[in-house]
Amino acid sequence: MNEKQQLIYNEIISKYNFNESQKEQIELGLENNLDVSIYAKSDFHWMQMREIREGLDNNVDVTIYAKSTFDCFQMQEIKSGLEQGLDINWYAKPEFNWTQMFQIREGLEKNLDVSIYAKLEFNEWQMGEIREGLEQSLDISVYNKPEFTWEQMYEIREGLKENLDVSIYAKLEFRFDQMEQIRKGLEKGIDVSIYAKPELNYDQMEEIKLGLENGIDVSSYLNPGIDWQEMKRIRLELESNKE
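Attention in this report is confined to the structure presented alongside it.

### Thoughts on the overall build of the protein
Broken down by element type, the protein carries 10 helices and zero strands. Each helix and strand of the protein, ordered N terminal to C terminal, gives the series α-α-α-α-α-α-α-α-α-α. Computed over C-alpha atoms, the radius of gyration of the protein comes to 28 Å, more than 25% over the 18 Å expected from 2.2 N^0.38 for 243 residues, which places it beyond the range of a compact globule. In terms of overall dimensions, the protein has C-alpha extents of about 95 × 35 × 25 Å along its principal axes. At a minimum sequence separation of 6, the contacts of the protein that also span at least 24 residues come to 35%. Accessible surface, the protein as shown: approximately 12,600 Å² in total, 45% of it carbon and sulfur.

As structure tokens, this is what we get:
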């Protein structure tokens, strides 16, 4: 730092009890002739200071995110959007965590209609499933409901990708693992209506599906009162007799 910068630095650090990492960020800003007054505040963590300093370096409007209500990771997402000229108004809100911001920013980068999922009711994983569906030009209206977990959304999205009739299992009454067994049955071309019933758990569904795939009569164990281990025993016996 030159003499003038050193004087400014000394004056700033005399006002607050900055730690060494914070002091370093102030020093780096002064060396680059930045207006460090924007972030030389004790309520900013040094990592927040860094994001503001880098924004100043890149000539973005740091006043949008130079607020203690944003953590350093949120600041980074907003800074990245500003650097790319994105409409950060969609996500520059403290209510969104940084991973939600990331999903919205990714959508904006790909010119997707982020209004569909830039909502607090969706967590970052749900946002990701909706974003991927939009990228794949799928009918995300089937699953862009906050009531679906992201795992359920995934199973529905995978079915849509394969042009399967997801209406059979895109229902809240099915857990994601039950959805998986129904989806796999549809992929195999078997009559999933036989076991697409919420009273059957994932393992029971799998045993019925395997029986149908192997061409046996599953009616003898098509009963939710029979546990999956017993179903497996019956299935293997029927398959053995078939041979």
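### Here we look at unusual backbone geometry
Residues other than glycine seldom take positive phi values, yet S137 does so here, at roughly 55 degrees. By secondary structure assignment, the location of S137 is in the loop between α6 (124-135) and α7 (150-161). Classification of S137 as exposed rests on a relative accessible area of 67%.

### Quick look at the pattern of salt bridges
Tallying each qualifying case throughout the model produces 24 salt bridges. Across the pair K161 and E158 runs a salt bridge, and its minimum N-O distance is 3.2 Å. In this pair, K161 and E158 both sit in helix α7, three residues apart, roughly one turn of the helix. Among the residues examined, K161 registers a relative accessible area of 38% and is labelled partly exposed.

### Topic: the environment of A92
For A92, the location among the structural elements is in the loop between α4 (72-83) and α5 (98-109). Between the C-alpha atom of A92 and that of I208, which follows or precedes it by 116 residues, the distance is 49 Å. Residues contacting A92, with those up to four places away along its chain left out, are I64, F70, I78 and M101.

### Let's talk about α5
The terminal C-alpha atoms of α5 lie 16 Å apart, and with 12 residues this matches the ideal 16 Å at 1.5 Å per residue to within 8%. The complete set of buried residues in α5 reads Q100, M101, Q103, I104, R105, E106, G107 and L108. Just downstream of α5 lies N111, where phi reads positive at about 55 degrees.

### Examining helix α10 (residues 228-242)
Taking 1.5 Å of rise per residue, 15 residues should cover 21 Å, and α10 covers 21 Å from first to last C-alpha, within 8% of that figure. Where α10 is concerned, the buried positions are M231, I234, R235 and E239. Seen end-on, α10 carries its buried residues on one side only, within an arc spanning 135 degrees. The inward-facing, buried residues of α10 contact α9 (202-213). A side-chain oxygen of the first residue of α10 lies 3.2 Å from the backbone nitrogen of Q229; this N-cap is D227.

### Some points on the packing of α4 against α5
Two numbers describe how α4 lies on α5: the axes approach to 8 Å, and their chain directions differ by 15 degrees. One finds that α4 runs roughly parallel with respect to α5. The two elements α4 and α5 cross, and the hand of that crossing is left-handed. Facing F73, Q74, E77, I78, S80 and G81 of α4, the residues of α5 in contact are W98, M101, F102 and R105. Tallied by class, the residues present in the contact of α4 with α5 amount to five nonpolar, three polar and two charged.

Conventions we followed
Residues numbered from 1 in each chain as written. Predicted model: local features only at pLDDT ≥ 70, side-chain atom pairs only at ≥ 80, totals over all residues. Heavy atoms only, no water. Helix = DSSP H or I, 4+ residues; strand = E, 2+ residues; numbered from the N terminus. Rg over C-alpha atoms; globule rule 2.2 N^0.38 Å. Contact = heavy atoms within 4.5 Å. Areas by Shrake-Rupley, 256 points an atom, 1.4 Å probe, with all protein chains shown as cover. Buried < 20%, exposed > 50% of the residue type's maximum accessible area, 1.4 Å probe, protein only. Salt bridge = Lys/Arg side-chain N within 4 Å of Asp/Glu carboxyl O. Expected span 1.5 Å × (residues − 1). Arc of directions from axis to C-beta. Polar contact = N/O pair within 3.5 Å; in protein donor to acceptor, adjacent residues only side chain to side chain. Axes fitted to C-alpha atoms, helices over the stretch in contact; angles between N-to-C directions. Parallel < 35°, antiparallel > 145°, perpendicular 65-115°, else oblique. Left-handed = near helix turned anticlockwise from the far one by under 90°. Nonpolar A, V, L, I, M, F, W, Y, C, P; charged D, E, K, R; others polar.

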